[in-house]
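Working through the structure, step by step
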Amino acid sequence: MCVRKRILLLLAGLLASALLTSCEAVTAQHIDSSGSGFQSGGQPGDGGGRVRGGAGQGMDRAWQEDESRPGFGGRQGTVRNPDNK
Amino acid sequence: MVKRFHQALYLLLAFFLALFITSAFWIRAKYIYSVYGDTPVLESQRIGLLIVWVAAAAAAGLAMLYLGRKLGKYRPKLVIPLILLGSLAVQVGVIFAFPRLPTDDSQTVLSLALDMLYRNDYSSFQTGGYLHMFPFNFSTVLYLKTLLFIFPDNYLVLKIFNILFMLITSLMIYLLYKELSGKDGEQDYGVLLFAATYVPAVLMSNFIYNDVIATAALTLALYFAVRFMKQRSLKLIIISGVLLALGNYFRSIGVIFLIAIALSLLLKVRTVGLRRTLIALGILAVLFNVPGWIQNAVLQGSGVVGEPVNANSAPVYMWLNMGVNQETFGFWDNRASYNIYQREAGYNKEASTELFKENIRSTLSEASAGELVRTYYKKLIWTWTEGTYQMERYGIGNDGSAAAGRGTGMLLDRYSYTTVFTHAFAGDSLYRIGLIWFAYALNLVMYAGTVVRLIGSIRTGRTAEVPLVLVILGFVGFYLLWEIKSRYLFPVYPLLIVLSCMGFKDLYRCMIPLMMRGTRHVRS
């Protein structure tokens, strides 16, 4: 077998093993589309998950939570200003 | 007259960059979410560390350019795909090593995309809903919805598309450099290497939002506009107009690119010709708002909204009001402005506009001239010398569940899973702080390279860089007024790479004869 073929075979083997080991990493990054929040990020009550404008969970709820927990709130990104500009 | 105007523009940008560089000798601008929380930090500079990191960054940059020169003997068809493939591999590695979950607006737009895709739920456009207040983010929602409709629901899909846009941007940086350098820039692969490995850009693929796609579209638009100014083919300006409209649809700072291209066209009216200049301006102006018009027509036609989406959205004065805040020097004002729109004005655009105007007026009139100068100086220096585009939060991310923050309470960021890299880069670890220092120093080195280029251009009367200079000056001016985040400057990084690499090349050319002369002198 020529050297080039051996290198290609070795690369293919490495790629296959990398793919196999990354399978778990791929499934772990699945997005939960059930609407009840994200896999582990949007835990109710912690910032990022609060501004669910579309679902009508809206700002008021977030606002009440913020007032009850001074010191966190907007600064940590509860109702972030959309930064499009 | 025109020549003097060009020189004035170059001098103005050189002045700002020199101000940023000199200020960095005594002020260190930081954004480290894992240590300080979501807040901008300005503190005394540590000169010794700065010198070490600047030397390291300069060495890394020069090594890239040297390696690029070495690669010059190979065919572009071989080298360009190889460099981009290498960058792809690194970026794929990053999204597996730091499986950052979206937060804040990034999470909100993704959530809305899922609501629209699986539940046909568009209630976010109703009063108080996210898209009612911030309809400009519907573009990102639509983009994510399309990707999730076609591909599996996985964060990796969205991040891989980010990577593709990053690779396009890298290629465009190289092509823009070549276009501006002419024959001089042929096969300077160092620029491509630099762009493909630029740390904040490589990490930003991890951020599911509109920055990466808008940067790619706007850089492409600028590239085709520059080509139009040389070749005068209307096909090029149409492509540029379409890309400009697309980029602006994702991030409204596209208007800065529009103004810069329009001004550049007017300055080149003699070479482009009056008729072609007017046609080009017309094309750009007509195409610019097309995505917005289509969006409004479709949403109103399908009954999702009853009035134009901007009718009662948050007014631009909300961000201007944040921008004048003295305490936060223009950073997020802890809901103060948002509450004016939401609570005091009851989501009414006109009413809140009046309140914001009044607030801005009183803030400006109550502050002394000295206080205003101090605030705007801090604002300018933090935004432009933070230097990492906040990659620490948006690229590396944090494991909030591990309570890595120090004295900041709860961190909101999360990872899908932890890895050896998330552990190594946790909190204020040496790796994280080191990488931030490197990106910070590299940014200053790039400013220095850009100053070299600008001064060289003033001396030799070069004007090719005008569109890039105008865009950067536009960003400087805009973010003097607007609410700030250093991440907002992300669309400027391709232009800084182009200009700084040109500056390094100029410097290299100056140094070689000097060194040769020195050697001869020693020999004699």
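Everything numeric in this text was worked out from a predicted model, so none of it was measured. (Residues numbered from 1 in each chain as written. Chains lettered and ligands numbered in written order. Predicted model: local features only at pLDDT ≥ 70, side-chain atom pairs only at ≥ 80, totals over all residues. Heavy atoms only, no water.)

1. With respect to the overall build of chain B
The number of helices and strands found in chain B is 25 helices and two strands. Expressed as a percentage of the 524 residues in chain B, the buried residues total 58%. Put simply, of all contacts in chain B between residues at least 6 apart along the chain, 78% involve residues at least 24 apart. Here chain B has roughly 20,800 Å² of accessible surface; of this, 66% comes from carbon and sulfur atoms. (Helix = DSSP H or I, 4+ residues; strand = E, 2+ residues; numbered from the N terminus. Buried < 20%, exposed > 50% of the residue type's maximum accessible area, 1.4 Å probe, protein only. Contact = heavy atoms within 4.5 Å. Areas by Shrake-Rupley, 256 points an atom, 1.4 Å probe, with all protein chains shown as cover.)

2. Here's the deal with the overall build of chain A
Across its full length, chain A holds two helices and zero strands. Expressed as a percentage of the 85 residues in chain A, the buried residues total 45%. Relative to all contacts within chain A whose residues are 6 or more apart in sequence, the contacts with residues 24 or more apart total 22%. Within the structure as shown, chain A displays about 4,700 Å² of accessible surface, and the carbon and sulfur contribution to it stands at 63%.

3. Looking at the environment of Leu 192 of chain B
Residues and elements named next belong to chain B. Topologically, Leu 192 is positioned in helix H9 (residues 189–197). Looking at Leu 192, the relative accessible area reads 0%, which means it is buried. With 127 residues separating them along the chain, Leu 192 and Leu 65 place their C-alpha atoms 9.1 Å apart. Leave out the neighbours within four places in its chain, and Leu 192 touches Ile 80, Ile 83, Leu 84, Ser 170, Leu 171 and Tyr 174.

4. Examining the pattern of salt bridges
Residues and elements named next belong to chain B. All told, the structure shown has 14 salt bridges over all chains when counted by the stated rule. Two residues, Arg 393 and Asp 413, come together in a salt bridge whose shortest N-O distance is 3.2 Å. Of this pair, Arg 393 sits in helix H21 (residues 391–396) while Asp 413 sits in the loop between H21 and helix H22 (420–424), and the two are 20 residues apart along the sequence. Just as Arg 393 is buried, Asp 413 falls in that class too. One salt bridge connects Glu 465 with Arg 453, and the closest N-O pair in it is separated by 2.7 Å. With Glu 465 in the loop between helix H23 (430–460) and helix H24 (466–481) and Arg 453 in helix H23, the pair connects residues that are twelve residues apart, well separated along the chain. Assigned by exposure class, Glu 465 and Arg 453 land together as buried. Taken together, the shared-partner salt bridges connect Arg 100, Asp 104, Arg 393 and Asp 413 into one network. (Salt bridge = Lys/Arg side-chain N within 4 Å of Asp/Glu carboxyl O.)

5. Observations regarding the nonpolar core
All names here are of chain B. Counting residues in each nonpolar core, the largest one holds 157 residues, and the members touching the most others are Trp 384, Phe 475 and Ile 497. Of the residues forming this core, the biggest block, 14 residues, is contributed by helix H11 (residues 211–231). Not counting the four nearest positions on each side in its chain, Phe 475 is found in contact with Ile 253, Ile 256, Phe 257, Trp 384, Tyr 488, Leu 489, Pro 491 and Val 492. Formed by 13 residues, the second largest nonpolar core is a distinct cluster that contains Val 79, Ile 95, Tyr 189 and Leu 192. (Core = buried A, V, L, I, M, F, W, Y, C linked by side-chain atoms within 4.5 Å.)

6. Some words on a nonpolar patch on the surface
On the surface, a nonpolar cluster with roughly 620 Å² of combined accessible area is contributed by Val 3, Ile 7, Leu 8, Leu 10, Leu 11 and Leu 14 of chain A. Following the sequence through the fold, Leu 11 of chain A ends up in helix H1 (residues 3–27). (Patch = residues over 30% accessible without salt bridge, like charges linked within 9 Å, V, L, I, M, F, W, Y side chains within 5 Å.)

7. Details of the packing of helix H1 (residues 2–23) of chain B against H24 of chain B
Residues and elements named next belong to chain B. Their axes nearest at 10 Å, the elements H1 and H24 cross at an angle of 50°. With respect to H24, the axis of H1 lies oblique. Along this stretch, H1 crosses H24, giving a crossing that reads as left-handed. In this structure, H1 contributes His 6, Leu 9, Tyr 10, Leu 12, Leu 13 and Phe 16 to the contact, and H24 contributes Val 466, Val 469, Leu 470, Ile 472, Leu 473 and Val 476. A breakdown of the residues in the contact of H1 with H24 according to their chemical character gives eleven nonpolar, one polar and no charged. (Axes fitted to C-alpha atoms, helices over the stretch in contact; angles between N-to-C directions. Parallel < 35°, antiparallel > 145°, perpendicular 65-115°, else oblique. Left-handed = near helix turned anticlockwise from the far one by under 90°. Nonpolar A, V, L, I, M, F, W, Y, C, P; charged D, E, K, R; others polar.)

8. Quick word on the pairing of strand E1 (residues 27–30) of chain B
Residue and element names in this part refer to chain B. The side-chain alternation of E1 yields two buried faces, one formed by Ile 27 and Ala 29 and the other by Arg 28 and Lys 30. Pairing between E1 and strand E2 (residues 41–44): four bridges, direction antiparallel. Bridged to Lys 30 within E2 is Val 41. (Pairing = 2+ DSSP bridges.)

9. Thoughts on helix H12 (residues 234–250) of chain B
Here H12 of chain B spans 25 Å end to end across 17 residues, near enough to the 24 Å set by a 1.5 Å rise per residue. Buried residues in H12 of chain B make contact with helix H7 (138–150), H11, helix H13 (254–267), helix H15 (274–288) and helix H16 (290–301) of chain B. (Expected span 1.5 Å × (residues − 1).)

10. Overview of the packing of aromatic side chains
Remark: the centre distance and the inter-plane angle together describe each pair of aromatic rings, the angle taken between the planes. All names here are of chain B. Throughout the structure, instances matching the rule amount to 35 aromatic pairs over all chains. Ring geometry for Tyr 130 versus Phe 134: centroids 5.4 Å apart, planes at 70°, classification edge-to-face. Classification of Phe 134 as buried rests on a relative accessible area of 0%. Plain terms: the ring middles of Phe 257 and Phe 475 are 6.1 Å apart, the flat faces sit at 85° to each other, and that makes the pair edge-to-face. With Phe 257 in helix H13 and Phe 475 in helix H24, the pair connects residues that are 218 residues apart, well separated along the chain. (Phe/Tyr/Trp six-rings, centres within 6.5 Å; stacked < 30°, edge-to-face > 60°.)

11. A look at H7 of chain B
Residue and element names in this part refer to chain B. Counted at 1.5 Å a residue, the expected span for H7 with its 13 residues is 18 Å, and the 18 Å between its end C-alpha atoms agrees. All of the buried residues along H7 are Phe 138, Ser 139, Thr 140, Val 141, Tyr 143, Leu 144, Lys 145, Leu 147 and Leu 148. In this structure, the buried residues of H7 make contact with helix H5 (104–119), helix H6 (130–133), helix H8 (155–181), H11, H12 and H16.

12. With respect to unusual backbone geometry
Residues and elements named next belong to chain B. At Asp 104, a residue that is not glycine, the phi angle is positive and equals roughly 50°. Among the structural elements, Asp 104 can be located in helix H5. The phi angle at Phe 329 is positive, at roughly 35°, despite the residue not being glycine. For Phe 329, the location among the structural elements is in the loop between helix H17 (316–323) and helix H18 (336–344).

13. Observations concerning the confidence of the model for chain A
Per-residue confidence for chain A gives a mean pLDDT of 52; residues scoring 70 or more make up 34%. For the stretch residues 36–81 of chain A, pLDDT sits under 50, and the model shows 125 contacts to residues farther than four places along the chain or on other chains. (pLDDT = per-residue confidence, 0-100.)

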